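# Tertiary structure, described
One-letter residues, chain by chain:
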Amino acid sequence: DEAAPADVPLSGRRVLVTAGGTREDLDPVRFLGNRSSGKQGFALASAAKQLGASVHLIAAHVEVELPTGLDTVTRVSSARELREATLVAAQGADVVIMAAAVADFRPADYADFKIKKTDDPGQDPVIHLVRNPDILRELVEHRSANREAGPQLIVGFAAETGDESASPLDYGRAKLARKGCDYLAVNTVSATQGFGTEVNTLTILSANGVEPLVTQGTKYEVSEDLLRHLAQHLNN
Ligand code: CTP
Ligand code: CA
């Protein structure tokens, strides 16, 4: 009997995944951070490997163990470190998935020594923030500058809650247009879904007329669905 053909739609493809939350240092012992667990990015990296891809994971700060069996793993801390590593690694990738929670801002100044209290509360520090680079937009801009060099597919992730004036998907569509990426996976965050939880709902929006895909399940299941969807839209 012949073995069943392997289910590897990403065979021969190089997939770059960023995961986790960046930390923006204030002084040698303090930082600004976020609650990203890294689970979604890790699930994407593991699922891409399972589907036959060569996988490079760039991990910022996470709450869970790094997946094993990947081809390359790079650790970073701040948004600027993540930017450097991602822009270099993207040059060799077919697909880039930005699942990392990148801090939008960082402290304008880094204190070389631990910030101390004084006796006078009037002297308490005020932290000024400056904007971090938008890595996803830079990936898109670099590709526009040199179409052959860039990855075929650039995928963003967005956690959206919606509000009185707009739904999560309204915000997702606007973000997809603003970022200029090919796909945006919109994660609908509520009290019981999203950060740190096991079940996710993803709506995968396309910039190129592909019908949106809605998928629900564990972070691994939605990752696999997203990657199969992407695999269908990769050229040779
Ligand atoms: N992203 C990025 N660089 C940044 C901020 C975000 O590459 N400085 C990426 C994220 O990794 C994600 C996508 O952009 O894939 C969307 O992130 P999100 O925070 O939802 O978008 P923002 O443009 O920062 O919008 P918001 O004001 O809603 O935070
Ligand atoms: Ca943001």
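Calculation rules
- Residues numbered from 1 in each chain as written.
- Chains lettered and ligands numbered in written order.
- Predicted model: local features only at pLDDT ≥ 70, side-chain atom pairs only at ≥ 80, totals over all residues.
- Heavy atoms only, no water.
- Patch = residues over 30% accessible without salt bridge, like charges linked within 9 Å, V, L, I, M, F, W, Y side chains within 5 Å.
- Areas by Shrake-Rupley, 256 points an atom, 1.4 Å probe, with all protein chains shown as cover.
- Salt bridge = Lys/Arg side-chain N within 4 Å of Asp/Glu carboxyl O.
- Helix = DSSP H or I, 4+ residues; strand = E, 2+ residues; numbered from the N terminus.
- Donors = N, O, S within 2.8 Å, 3.2 Å for Na, K, Ca; no water.
- Axes fitted to C-alpha atoms, helices over the stretch in contact; angles between N-to-C directions.
- Parallel < 35°, antiparallel > 145°, perpendicular 65-115°, else oblique.
- Left-handed = near helix turned anticlockwise from the far one by under 90°.
- Contact = heavy atoms within 4.5 Å.
- Nonpolar A, V, L, I, M, F, W, Y, C, P; charged D, E, K, R; others polar.
- Near = heavy atom within 4 Å.
- Polar contact = N/O pair within 3.5 Å; in protein donor to acceptor, adjacent residues only side chain to side chain.
- pLDDT = per-residue confidence, 0-100.

### Here we look at a nonpolar patch on the surface
A surface patch of nonpolar side chains, about 270 Å² in accessible area, is lined by F105, I127 and L129. Relative to the helices and strands, L129 is located in strand β8 (residues 129-131).

### Here we look at the coordination of the calcium ion (ligand 2)
Around the calcium ion (ligand 2), the donor atoms from the protein are D104 (OD) and D104 (OD), and they sit 2.5 Å away. The topology assignment puts D104 in the loop between β6 (95-98) and β7 (105-107).

### Focus on the packing of helix α1 (residues 39-50) against helix α5 (residues 219-232)
One can describe the packing of α1 onto α5 by two numbers: an axis separation of 8 Å at closest approach and a directional angle of 55°. The pairing of α1 with α5 is recorded here as oblique in orientation. In this structure, the crossing between α1 and α5 has a hand that is right-handed. Side by side, α1 and α5 meet where K39, Q40, A43, L44, S46, A47, A48 and Q50 of the first sit next to K219, Y220, V222, S223, E224, L226 and L227 of the second. Looking at the contact of α1 with α5 residue by residue, the class counts come to eight nonpolar, four polar and three charged.

### A look at the site of ligand 1
In the vicinity of ligand 1 lie 14 residues, with M98, P133, L136, K175 and K179 positioned nearest. A distance of 2.8 Å separates an oxygen atom of ligand 1 from a polar backbone atom of L136. Measuring from an oxygen atom of ligand 1, one finds a side-chain N or O atom of R178 at 3.4 Å. If ligand 1 stood free it would expose 570 Å²; the protein chains cover 76% of that surface. Among the elements of the structure, α3 (135-145), β9 (153-160) and α4 (168-179) are those that each provide at least two residues to the shell around ligand 1. Considered class by class, the residues forming the shell around ligand 1 number eight nonpolar, one polar and five charged.

### Observations regarding the packing of helix α2 (residues 79-90) against α3
Orientation of α2 relative to α3, taken along the N-to-C sense of each, is 25°, at an axis distance of 10 Å. On the basis of their axis angle, the class for α2 and α3 is roughly parallel. Seen from above, α2 lies across α3 with right-handed handedness. Between α2 and α3, the residues in contact are A79, L82, R83, T86, L87 and A90 and I135, E138, L139 and H142, respectively. Looking at the contact of α2 with α3, its residues break down into six nonpolar, two polar and two charged.

### Regarding the confidence of the model for the chain
Per-residue confidence for the chain gives a mean pLDDT of 94, with 95% of residues at or over 70. Two summary scores accompany this predicted model of the complex, namely pTM at 0.95 and ipTM at 0.99.

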